[in-house]
Amino acid sequence: GAGVSQSPSNKVTEKGKDVELRCDPISGHTALYWYRQSLGQGLEFLIYFQGNSAPDKSGLPSDRFSAERTGGSVSTLTIQRTQQEDSAVYLCASSLLAGTSSTDTQYFGPGTRLTVL
Amino acid sequence: AQTVTQSQPEMSVQEAETVTLSCTYDTSESNYYLFWYKQPPSRQMILVIRQEAYKQQNATENRFSVNFQKAAKSFSLKISDSQLGDTAMYFCAFMTRRAGNMLTFGGGTRLMVKP
C-alpha cells in the first residue's frame, strides 16, 4: 500500500514568514510523529500524536512551532515567524498502534526540506 | 533520559565484503526496542532491522544482522556481501514505551560501498 507522504518536498521561505508542512500517514496508522533533521542537532523528536489522546509536545523547540492532526489522519506542522535556525529536513513517521510489539515500528515519509533565507 | 552513540562518523567497505557498524546506548529501562534505519540520498528513512530487548536471539534480515549485547548496551549492525545500494547514512535508534514511543537517534554513520 501507499507509504507516508509529505508535502511540499522542498520549501524556501523568507525569515519571519509562516510555513505549513503536511503529512499523510499510512492508512490505519493511529500514531504519528514529527522529527527534525538538521546538521547541527541531528535527528530530534518534535511531537507525537496517538489516537484521540492529547499530543506529546515535549520536543517542540519553541512556541513558534505547533502541530495538529485532523480526523486522526493528516497532520500539519506549522512554524510561525520562521528563523534561519529552523532550516532543516522535517520528517514525519507513523506506526500502526503504539503500545504493542511489532506494531510500534515507525515508517517514515520522504521529508520536507525547509530553507529559511 | 536515553542517549544513543554511534562512534564511527564514516566507514567504507569493498563491494561483497562485510562491514560492522557500532552503536551503544544508555538507559535505565529494562524493556525497550532498538532499530537500525538506512537513509540513502533520497532522504527516505528505511527500516533495516529491529530488536526487542527482551529477546536474547539476535535479529537477522537477509544480509543484515545485529549483535545485541544487553549488558554492555551495545547494538551493532553487520552487513554481509555489501552491495553498492547499501551506500547510505545508517542511524541506530532507541525506543521505550515509558518515554512515549518516540525514537532517540544516534548521530549516524555514513557508509560508502566501493566497487
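Criteria and cut-off values
- Residues numbered from 1 in each chain as written.
- Chains lettered and ligands numbered in written order.
- Predicted model: local features only at pLDDT ≥ 70, side-chain atom pairs only at ≥ 80, totals over all residues.
- Heavy atoms only, no water.
- Helix = DSSP H or I, 4+ residues; strand = E, 2+ residues; numbered from the N terminus.
- Buried < 20%, exposed > 50% of the residue type's maximum accessible area, 1.4 Å probe, protein only.
- Contact = heavy atoms within 4.5 Å.
- Salt bridge = Lys/Arg side-chain N within 4 Å of Asp/Glu carboxyl O.
- Polar contact = N/O pair within 3.5 Å; in protein donor to acceptor, adjacent residues only side chain to side chain.
- Nonpolar A, V, L, I, M, F, W, Y, C, P; charged D, E, K, R; others polar.
- Core = buried A, V, L, I, M, F, W, Y, C linked by side-chain atoms within 4.5 Å.
- Pairing = 2+ DSSP bridges.
- Axes fitted to C-alpha atoms, helices over the stretch in contact; angles between N-to-C directions.
- Disulfide = S-S within 2.5 Å.

Caption draft 1: Highlighting the overall build of chain B. Along chain B, the regular secondary structure elements total zero helices and 12 strands. When the elements of chain B are put in sequence order from the N terminus, they spell out β-β-β-β-β-β-β-β-β-β-β-β. Projected onto its principal axes, the C-alpha positions of chain B cover 45 × 30 × 20 Å. Here chain B holds 115 residues, and the buried ones make up 52% of them.

Caption draft 2: Geometry of the interface of chain A and chain B. On the chain B side, the residues contacting the 26 residues of chain A number 19 residues. Viewed at the interface, chain B and chain A are joined by zero salt bridges. Summed over the shared surface of chain A and chain B, the result is 10 residue pairs in polar contact (both at pLDDT 80 or more). Every element with two or more residues in the side of chain A that touches chain B is listed here: β4 (31-38), β5 (42-50), β8 (88-95) and β10 (112-116) of chain A. Grouping the amino acids of the side of chain A that touches chain B by side-chain chemistry returns 10 nonpolar, 13 polar and three charged.

Caption draft 3: Summary view of the nonpolar core. Counting residues in each nonpolar core, the largest one holds 25 residues, and the members touching the most others are Tyr 25, Trp 36, Phe 75, Leu 77 and Tyr 90 of chain B. Only β3 (19-21), β5 (33-39), β6 (46-52), β8 (64-69), β9 (74-79), β10 (88-95) and β12 (109-114) of chain B provide two or more residues apiece to this core. Within the second largest apolar cluster, 21 residues are counted, among which are Tyr 35 of chain A together with Tyr 37, Phe 91 and Leu 103 of chain B.

Caption draft 4: The arrangement of the side chain of Ser 75 of chain A in detail. Among the structural elements, Ser 75 of chain A can be located in strand β7 (residues 75-79). Within the structure, the side chain of Ser 75 of chain A is placed 2.9 Å from the side chain of Trp 34 of chain A, a separation counted as a polar contact.

Caption draft 5: Quick look at the environment of Leu 60 of chain A. Here Leu 60 of chain A shows up in the loop between β5 and β6 (65-69). Leu 60 of chain A has contacts with Leu 46, Ile 47 and Phe 65 of chain A, leaving out every residue within four places of it along the chain.

Caption draft 6: Highlighting the sheet that holds strand β3 (residues 19-24) of chain A. Residues and elements named next belong to chain A. Strands sit in the order β1-β3-β7-β6 across an open sheet of four strands; the sheet is antiparallel. The outermost strands of the open sheet, each flanked by one partner alone, are β1 (5-7) and β6. Direction aside, neighbouring strands of the sheet carry axes that sit 15 degrees apart on average.

Caption draft 7: Inspection of the pattern of salt bridges at higher detail. What the rule picks out here adds up to seven salt bridges over all chains. With a closest N to O distance of 2.8 Å, Arg 64 of chain A and Asp 86 of chain A form a salt bridge. Of this pair, Arg 64 of chain A sits in the loop between β5 and β6 while Asp 86 of chain A sits in the loop between β7 and β8; the two residues are 22 residues apart in sequence, bridging distant segments of the chain. Assigned by exposure class, Arg 64 of chain A and Asp 86 of chain A land together as buried. Lys 73 of chain B is the salt-bridge partner of Asp 26 of chain B, the closest N and O atoms lying 3.6 Å from each other. Here Asp 26 of chain B, found in strand β4 (residues 24-26), pairs with Lys 73 of chain B, found in the loop between β8 and β9; they are 47 residues apart in sequence, far enough to count as distant. Residue classification places Lys 73 of chain B among the partly exposed residues on the basis of a relative accessible area of 25%. A single salt-bridge network, built from bridges that share partners, covers Arg 50, Glu 52 and Lys 55 of chain B.

Caption draft 8: Up close: the state of the cysteines. If you walk through the whole model with that rule in mind, you get two disulfides over all chains. Covalent S-S linkage joins Cys 23 of chain A and Cys 92 of chain A, the inter-sulfur distance amounting to 1.8 Å. Taking the sign of the torsion about the S-S bond as the criterion, the disulfide between Cys 23 of chain A and Cys 92 of chain A, at about -65 degrees, is left-handed. Here the residue Cys 23 of chain A occupies a position in strand β3, and Cys 92 of chain A occupies one in strand β8, the gap between them amounting to 69 residues. With relative accessibility at 0%, the residue Cys 92 of chain A sits in the buried group. The disulfide partner of Cys 23 of chain B is Cys 92 of chain B, and the S-S distance across this bridge is 2.0 Å. Where Cys 23 of chain B bonds to Cys 92 of chain B through sulfur, the torsion about that S-S bond is close to -70 degrees, and the disulfide is left-handed. A residue pair is termed long-range when its members are at least 10 positions apart, and Cys 23 of chain B in the loop between β3 and β4 and Cys 92 of chain B in strand β10 qualify at 69 residues.

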